[in-house]
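Structural features, examined
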Amino acid sequence: QVQLVESGGGLVQAGGSLRLSCATSGRTFSYYHMGWFRQAPGKEREFVAAITWTSGHTYYADSVKGRFTISRDNVKNTVYLQMNRLKPEDTAVYYCAARSNVVVSTRSYEYDYWGQGTQVTVSS
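Presented here is a report on the structure given in the accompanying data block.

The rules behind the values
Residues numbered from 1 in each chain as written. Predicted model: local features only at pLDDT ≥ 70, side-chain atom pairs only at ≥ 80, totals over all residues. Heavy atoms only, no water. Phe/Tyr/Trp six-rings, centres within 6.5 Å; stacked < 30°, edge-to-face > 60°. Helix = DSSP H or I, 4+ residues; strand = E, 2+ residues; numbered from the N terminus. Buried < 20%, exposed > 50% of the residue type's maximum accessible area, 1.4 Å probe, protein only. Lys NZ or Arg CZ within 6 Å of the ring centre and 35° of its normal. Salt bridge = Lys/Arg side-chain N within 4 Å of Asp/Glu carboxyl O. Pairing = 2+ DSSP bridges. Axes fitted to C-alpha atoms, helices over the stretch in contact; angles between N-to-C directions.

What about the packing of aromatic side chains?
What the rule picks out here adds up to six aromatic pairs. Summarising the aromatic geometry, the rings of Tyr32 and Tyr113 are spaced 6.0 Å apart at their centres and angled 75° between planes, so their arrangement reads as edge-to-face. With Tyr32 in the loop between β3 (18-26) and β4 (33-39) and Tyr113 in strand β10 (residues 113-114), this residue pair connects regions lying 81 residues apart in the sequence. Their ring planes at 70° and their centres at 5.7 Å tell us that Phe37 and Phe47 sit as a pair that is edge-to-face. On the criterion of sequence distance, the pair formed by Phe37 in strand β4 and Phe47 in strand β5 (residues 46-51) is long-range, its members being 10 residues apart. Comparing Phe37 with Phe47, the two get one shared label, buried. Ring-pair connections join several aromatic residues into one group, and the members of that group are Phe37, Phe47, Tyr95, Tyr111 and Trp114. The lysine or arginine in question, Arg45, covers the ring of Tyr95, its NZ or CZ lying 3.8 Å from the ring centre.

Okay, here's the thing in structure tokens:
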């Protein structure tokens, strides 16, 4: 079992920045691929970014590429999402997720563990 707790959400003006954190506990953090997803009201949950467990390769949705950066600290058992140049359309609940399979994924249903989510609101 892995427990995930997100933090760092809030209200920010368009063009601003936020850094989300996801603290993990339980089984060895470094054995999991980690992902960030988001869900806006009335919309499906969508992939934002992912990072592999050893090589640190990163993957991004086209909508956030060049603005968001995912990173992980395997000593602190924490994954981060640095969000810059935020837009109103980035407003959503952001979720951290962990996947134990050897293949990284951008599909939410392929992740095994989820945090409770943190709200990000970007005002225009």
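Let's talk about the pattern of salt bridges
Per the stated rule, a full pass over the model turns up five salt bridges. Asp90 is the salt-bridge partner of Arg67, the closest N and O atoms lying 2.8 Å from each other. Separated by 23 residues along the polypeptide, Arg67 in the loop between β6 (58-60) and β7 (68-73) and Asp90 in the loop between β8 (78-83) and β9 (92-99) bring together distant segments of the chain. Arg107 is paired through a salt bridge with Glu110; the nearest N and O atoms lie 3.6 Å apart. One network of salt bridges, with partners in common, ties together Arg38, Glu46, Arg67 and Asp90.

Section: the pairing of β7
Two faces belong to every sheet, and in a regular strand the side chains alternate between them. Residues Phe68, Ile70 and Arg72 line the buried face of β7, whereas the alternating positions Thr69, Ser71 and Asp73 sit on a face that is not buried. Relative to β8, β7 runs antiparallel, the two sharing six bridges. The partner of Thr69 across the bridge, within β8, is Gln82. Taken together, β7 and the strand that follows it, β8, pair antiparallel across an intervening segment of four residues, in which Asn77 is found at a positive phi of about 55°.

Quick notes on the sheet that holds β7
What the four strands build is an open sheet, ordered β1-β3-β8-β7; its pairing is antiparallel. A single partner strand is all that each edge strand has here, and the edge strands are β1 (2-7) and β7. Here the average twist between neighbouring strands, direction ignored, is 15°.

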